[in-house]
Amino acid sequence: MPLPTARCLPYLDTDLPAPAAHLLTPLLSNTLELHWQANGSARLTPTGTESLETPMPPECARELAYWLHETLWLNEIGETRHLEEILRLALAANEKSIAAEMADALATEALNTGNYSLAREYCVRGLSPGEDFALLHTLGLAEAGLGDEKQAIAHMERALSLSPATQDDPAQAGETASLMSHLATLHARAGAAFRAYHLLEKAREHYAQAQNQQGEADTLTQIGLLMATQHDLRAARQHLEEARALYHSIGDGVGEASALRQLARLLEGRNKNEWSKEAEQFSAEALRLLAENAQWEDLSRLLLKLGQAQKNRTLLLQSLWIALQIAPRPDLLSNLRASLLMTADDKRLQESPYIAAATLSHIEQAPRDFPRHAEIHRLAIIELISCARENGVDENHVRTWMNDLALNPEQGVIQKTLRVIEDTVKKNDWAFDNRLMTG
C-alpha cells in the first residue's frame, strides 16, 4: 500500500492506533517513533516549513483520505475520531464515495445512540459532494427520528429513485429492501396504505432475491399489521401465519413469538369463541418461546399486558417476579405496581407491602436521567405509604413497620418478595417454565 508523501503528513490531524502508526514508521522522526512506542499511538504535527494554517492541497487530502480509509476503515481498527478525520479529508478532496461512506458510518453510530440531530448533521455533510443512495436513506431515518416525517419520506423516495440494479447483488437487494420497508412504515403512518403495501410487497421480493429469510419474515409481519389497520382480518392473519412459519423454519424463536403475539392480538375480543381460544393458544406459545430464548423483559411485558387484559393477578405476579430479577426500565416496574395495587383490597393482601417496597427499591437504584424518574419515584413512595395505611399503620410509624417486615433494601426485600410471589403462585399456575430463569 503506498504511503502518503511526507509533505502531506502534517495535514493529518488525528491520533493513530499502533497498526496504522507502524506503517508510517519510515516517515516518522526518531522522537515520534519513540512516542509511538511509549504510547501505542501517534499524533502527527506540523514539521519543517509546513503548517496546518496553510490551506491543504486537494492532492494531500486525497492521499490521506485514501490511505486512512484503507488502513483503518477496511481493517476495522478505526474509532469515531478516525472516521471523522477521513470524512474531513474526503470532503476537502471532494471524494464523494469515501465521504458518503464515512458519513453513513458516523450517522448510523449516532442513530444507534438516539442522537438523531448529530446523525442528520453527518448526513448533510456527507451529501455535500453529491447524492448517495445509502446516505439519503440514513438521512431519512434521522429525520424520522426527529419527527420530520414529511422530509424523511421525501429523502427516502429520492434514495429509492437512485437505487442501483440489484439482480446480481444480494447485498444491494437487501439494502434496497430495507429502504422500502422503512419508507412503507412512514407512508402507513401518513395514511398512504396503498403505497405502503406496494413497497412492502416489493421489499419482500428483494429480500427473497437476497435470500434473506429474516427480512422476508419481518416484511410479512409488517404486511400483516398493515392489513389489520385496514380491517382485512383474513389477509392480516394469512401474512402473520406465513411470517410465523418462516421464523420457525429459520429457528428465530423471538421473531416467532412476536408473530404469535400479533396473531393473538388480532383475534382477541372477536365474537367467535374459537378465535378467542386460538388467541389464548397463540399467547401461551409466545410465552413459551420467549422463556426458552431468555427474552425476559419481553416476557415480563407480555405477562403484564395479558394480566391487565384478563384481570389476572397471577399473571401480573409472574411478570413482577421476572422484573425484580432483571432490573428493567422503571416504567415497567411502575406499571406492574399500579396494576397489582389498584384498590384498597389489593393493598391489604399479604404480598402487597413487599410489592410496594421491592419496586421502590429497584426504582431508587435506576439511573436518575430516566424520563419521568422523579415522578415515578414519588408515586412509588406514595404507594408504599398507602399500603401501610391500608394495613392499619400510622404514617408516623411507617419506618418501624418497614423494619418489622424487612421491607428495606439492606434487609433483602427484593429476595423476600421473590419468595413471597413463589409461595403465592401455585406450581401449575405458572404461564411459563420458571426453572429456565432460576437455572
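## What to know about the overall build of the protein chain
Piece 1. When its secondary structure is counted, the protein chain shows 23 helices and two strands.
Piece 2. Since a compact globule built from 439 residues should have a radius of gyration of about 22 Å, the 29 Å found for the protein chain marks it as more spread out than a globular shape.
Piece 3. Overall, the C-alpha framework of the protein chain stretches about 85 × 55 × 40 Å when taken along its three principal axes.
Piece 4. Taking all 439 residues of the protein chain together, 47% fall into the buried category.

## Concerning the packing of aromatic side chains
For any pair of aromatic rings, the description rests on two quantities: the centre-to-centre distance and the angle between the ring planes.
Piece 1. Across all of its chains, the model carries three aromatic pairs by this definition.
Piece 2. For the pair tryptophan 321 and tryptophan 430, a centre-to-centre distance of 5.0 Å together with 70° between the ring planes defines the contact as edge-to-face. Pair noted here: tryptophan 321 is in helix α16 (residues 313–326) and tryptophan 430 is in the loop between α22 (413–424) and α23 (435–438), with a separation of 109 residues, a long-range link. Across the pair, tryptophan 430 and tryptophan 321 agree in class, each one buried.
Piece 3. Aromatic side chains tryptophan 430 and phenylalanine 432 sit 5.8 Å apart centroid to centroid with 85° between the ring planes, which places their arrangement in the edge-to-face category.
Piece 4. Here the aromatic residues Trp321, Trp430 and Phe432 are joined through ring pairs into a cluster of three or more.

## Side note on the pattern of salt bridges
Pairs may arise between side chains of opposite charge once their charged atoms sit close together.
Piece 1. Evaluated as defined, the whole model comprises 27 salt bridges.
Piece 2. Note that lysine 202 and glutamate 205 form a salt bridge whose closest N and O atoms lie 3.6 Å from each other. Of this pair, lysine 202 and glutamate 205 both sit in helix α10 (residues 193–209), three residues apart, which is roughly one turn of that helix.
Piece 3. Residue arginine 435 is joined to aspartate 433 by a salt bridge in which the shortest nitrogen-to-oxygen separation is 2.9 Å.
Piece 4. The class of aspartate 433 is partly exposed, set by a relative accessible area of 30%.

## Comments concerning the confidence of the model for the protein chain
Piece 1. In this model, the protein chain carries an average pLDDT of 90, and 91% of its residues clear a pLDDT of 70 or more.
Piece 2. A low-confidence stretch, residues 46–52 (pLDDT under 50), is modelled with 10 contacts involving residues beyond four sequence positions or located in other chains.

## A few points about the packing of helix α8 (residues 149–161) against helix α9 (residues 170–189)
Piece 1. One way to put it is that α8 packs onto α9 with a least axis distance of 10 Å and a crossing angle of 150°. In this structure, α8 meets α9 at a crossing whose hand is left-handed. Counted together, Glu149, Ala152, Ile153, Met156, Glu157, Ala159 and Leu160 of α8 and Thr176, Leu179, Met180, His182, Leu183, Leu186, His187 and Arg189 of α9 form the full contact between these two elements.
Piece 2. The residue inventory of the contact of α8 with α9, partitioned by class, reads nine nonpolar, three polar and three charged.

## Observations concerning the side chain of histidine 137
Piece 1. Within the secondary structure layout, histidine 137 lies in helix α7 (residues 133–145).
Piece 2. Beyond its immediate sequence surroundings of up to four residues, histidine 137 is in contact with Met156, Ala159, Glu175, Ser178, Leu179 and His182.

What counts, and where the lines are drawn
- Residues numbered from 1 in each chain as written.
- Predicted model: local features only at pLDDT ≥ 70, side-chain atom pairs only at ≥ 80, totals over all residues.
- Heavy atoms only, no water.
- Helix = DSSP H or I, 4+ residues; strand = E, 2+ residues; numbered from the N terminus.
- Rg over C-alpha atoms; globule rule 2.2 N^0.38 Å.
- Buried < 20%, exposed > 50% of the residue type's maximum accessible area, 1.4 Å probe, protein only.
- Phe/Tyr/Trp six-rings, centres within 6.5 Å; stacked < 30°, edge-to-face > 60°.
- Salt bridge = Lys/Arg side-chain N within 4 Å of Asp/Glu carboxyl O.
- pLDDT = per-residue confidence, 0-100.
- Contact = heavy atoms within 4.5 Å.
- Axes fitted to C-alpha atoms, helices over the stretch in contact; angles between N-to-C directions.
- Left-handed = near helix turned anticlockwise from the far one by under 90°.
- Nonpolar A, V, L, I, M, F, W, Y, C, P; charged D, E, K, R; others polar.

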